[in-house]
Amino acid sequence: MNRIFEHKHIIIGGDNLNSLSIIRSLGEKGIFPIAIIVQENHLPQVRKSKYVKNYIETSSFDESFDVLLSYGDVSCPPFVYTSDDNHQSMLDEHYDQLVNKFHFFNAGQAGRINYYMDKENLCQLANECGFRVPKREVVNLGVLPTQITYPVITKTINSYSAGWKRDVGIYYSESELSDAYKGMISERLLLQEYITKKNELEVHGFSINGGEEVYLSYYSLYYRFTETTFGGYKYYKPFVDEKVAAKIEQMIRKVHYTGNFEVEFLVDKDDELVFLEINFRFPLSNYACTYGGANMPYLWAQSTLQDKIVYPIGLKDFFTCKNEAIDFNQTVGRKKISFAKWMKETIHTDCLLVYNRHDIKPFLSFWWGKVKKIVKKH
């Protein structure tokens, strides 16, 4: 018997597309995970998946952690998969309580992942490893930059702060930034030089043994996006850039990271890569790699058990992927393209993230929820 089936597999996160994508990837390999899901008032997706073995809803992060601890097993450690920075931060804080009882994303000691979730610390590391990073300045809320020039882009210092979405913006003058500060909620901010982007590139990978072995599967580029956010429609190709790969591997080793990750770059007007960040967990579009032949949750678990990288066979050379919900909001919702054009384009997309013909109920639940919200407004 394949040893991977002897272990429990646990998703800890929110009821969202990230968690659902991990569940679908595992489910397609015959692994039916336990889902520990904190209530965030999202439209139900995870609970509707046919692949979920046991759905446990909690009212707080602390409750989710207590439930997780109850599954600890030294003799046969469960695999734990995270899909957001808040839960990953929580596991990092409680490293000492989890080690030896679980296989989970970690950096070998408590607090180390949180240290590198700080964008300033991560950018310093990227610079040390040879990546170009944007000029930047860390300030308290309300303080104007003194080391970089306008335009600037504002970001929270980490991705689990309360204002990590709300406080992002581009400002072209001192007066614009001063006015924007009045509506922000983050106590500390990272100000970066604004670089006009031609695209955004993401590299998907995982590591074992504290980063001693790293596997990079696909990279993706967007067909469309906004100035401050990712888009919902992109394409994937196998990642083969050895120079960039060597720098990523060096960063992962220095962090001593074990687990799945995603590296994000900005592509400037001269087609040069500018490092943005590493997400030490699964990204939103993680199921796309599974579609392409690199089932990242399954491969990480197998590699962990075999103590060596287990490589996939037969990766697709190219495929398109769409997050229908995000792309619909950014295009049809903002009247950039017609619904008919969007539908035609969607039908011809290779991999969809909400719709899945093998697991249809989350799709029906999500869009029926959207329709009901629209009806209520009118």
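Check the entry above for the structure.
First, a word on scope: everything that follows refers to the structure included in this document. As the structure is a prediction and not an experimental result, all values here were calculated from the model. (Residues numbered from 1 in each chain as written. Predicted model: local features only at pLDDT ≥ 70, side-chain atom pairs only at ≥ 80, totals over all residues. Heavy atoms only, no water.)

So, on to the packing of helix 2 (residues 61-69) against helix 3 (residues 85-93). Closest axis-to-axis distance for the helix 2/helix 3 pair is 11 Å, and the angle between their directions is 55°. The orientation of helix 2 relative to helix 3 falls into the category oblique. Considering how the two elements wind past one another, helix 2 and helix 3 form a crossing that is right-handed. Here Phe-61, Ser-64, Phe-65 and Leu-68 of helix 2 come into contact with helix 3, specifically with Asn-86, His-87, Met-90 and Leu-91. A per-class count over the contact of helix 2 with helix 3 returns 5 nonpolar, 3 polar and no charged. (Axes fitted to C-alpha atoms, helices over the stretch in contact; angles between N-to-C directions. Helix = DSSP H or I, 4+ residues; strand = E, 2+ residues; numbered from the N terminus. Parallel < 35°, antiparallel > 145°, perpendicular 65-115°, else oblique. Left-handed = near helix turned anticlockwise from the far one by under 90°. Contact = heavy atoms within 4.5 Å. Nonpolar A, V, L, I, M, F, W, Y, C, P; charged D, E, K, R; others polar.)

Now for helix 6 (residues 119-128). Buried residues dominate helix 6, accounting for 7 of its 10 residues. Residues of helix 6 that are buried include every one of Lys-119, Glu-120, Asn-121, Leu-122, Cys-123, Leu-125 and Ala-126, and no others. Against helix 5 (112-117), strand 5 (136-140), strand 6 (152-156), strand 8 (188-193), helix 8 (242-255) and strand 13 (273-279) lie the buried residues of helix 6. Capping the start of helix 6, Asp-118 holds a side-chain oxygen 2.9 Å from the backbone nitrogen of Glu-120, two or three residues further along. Positive backbone phi, at 100°, marks Gly-130, one or two positions downstream of helix 6. (Buried < 20%, exposed > 50% of the residue type's maximum accessible area, 1.4 Å probe, protein only. Polar contact = N/O pair within 3.5 Å; in protein donor to acceptor, adjacent residues only side chain to side chain.)

Moving on to the nonpolar core. Core analysis: the biggest nonpolar cluster contains 74 residues, and Ile-248 and Phe-275 have the highest contact counts within it. Discounting residues that sit within four places of it in the chain, Ile-248 has contacts with Phe-131, Val-203, Leu-216, Phe-261, Val-263 and Phe-265. (Core = buried A, V, L, I, M, F, W, Y, C linked by side-chain atoms within 4.5 Å.)

For strand 6, a buried count of 5 out of 5 residues is recorded, marking the element as mostly surrounded by other parts of the structure. Residues Val-152, Thr-154 and Thr-156 line one face of strand 6 and the alternating positions Ile-153 and Lys-155 line the opposite face, and both faces are buried. Here strand 6 pairs with strand 7 (residues 169-171) via 3 bridges, running antiparallel. Looking across to strand 7, one finds that Ile-153 is bridged to Ile-170. Examined bridge by bridge, strand 6 and strand 8 share 5 bridges and lie antiparallel to one another. By the bridge assignment for strand 8, Lys-155 is matched with Leu-190. (Pairing = 2+ DSSP bridges.)

Turning to unusual backbone geometry, a few remarks are in order. Cis geometry is adopted by the peptide bond preceding Pro-151, which originates at Tyr-150 and carries an omega value of 5°. Inspection of the secondary structure puts Pro-151 in the loop between strand 5 and strand 6. One non-glycine residue with positive phi stands out, namely Asn-100, at about 80°. Among the secondary structure elements, Asn-100 is positioned in the loop between helix 4 (95-98) and helix 5. Its identity as a non-glycine residue notwithstanding, Lys-335 has a phi of 60°, on the positive side. If you trace the backbone, Lys-335 turns up in the loop between helix 11 (324-330) and helix 12 (339-347).

This part takes up the sheet that holds strand 7. Strand order across the open sheet formed by 4 strands is 5-8-6-7, with antiparallel pairing between neighbours. Taken across any chain shown, the strands that pair with only one partner, and hence form the sheet edges, are strand 5 and strand 7. With direction set aside, neighbouring strand axes in the sheet form an average angle of 30°. Across the sheet, helix 7 (residues 174-181) lies against strand 5, strand 6, strand 7 and strand 8, angled at about 145° from strand 7, the strand it touches most.

Quick look at the pattern of salt bridges now. In this structure the tally under the stated criterion is 16 salt bridges. Lys-269 serves as the salt-bridge partner of Asp-270, at 3.5 Å between the closest nitrogen and oxygen. The salt bridge partner of Lys-322 is Asp-327, with a shortest N-O separation of 3.2 Å. In this structure Asp-327 comes out as buried when scored by relative accessible area, which is 0%. One network of salt bridges, in which partners are shared, links Arg-224, Lys-322, Asp-327 and Glu-345. (Salt bridge = Lys/Arg side-chain N within 4 Å of Asp/Glu carboxyl O.)

Moving on to the packing of aromatic side chains. Under the criterion given, the structure shown has 29 aromatic pairs. For the pair Tyr-81 and Trp-300, a centre-to-centre distance of 5.8 Å together with 80° between the ring planes defines the contact as edge-to-face. Of the two residues, Tyr-81 sits in strand 4 (residues 79-82) while Trp-300 sits in helix 10 (residues 296-306), which places them 219 residues apart along the sequence. Since its relative accessible area comes to 0%, Tyr-81 is described here as buried. When the centroid spacing of 5.2 Å and the interplanar angle of 50° are considered together, the rings of Tyr-223 and Tyr-235 count as tilted. On the criterion of sequence distance, the pair formed by Tyr-223 in strand 10 (residues 213-224) and Tyr-235 in strand 11 (residues 233-238) is long-range, its members being 12 residues apart. We classify Tyr-223 as partly exposed; its relative accessible area is 41%. Look at Tyr-235 and you get buried, because its relative accessible area is 18%. By way of ring pairs, the aromatic residues Phe-79, Tyr-81, Phe-105, Phe-282 and Trp-300 are connected into one cluster. (Phe/Tyr/Trp six-rings, centres within 6.5 Å; stacked < 30°, edge-to-face > 60°.)

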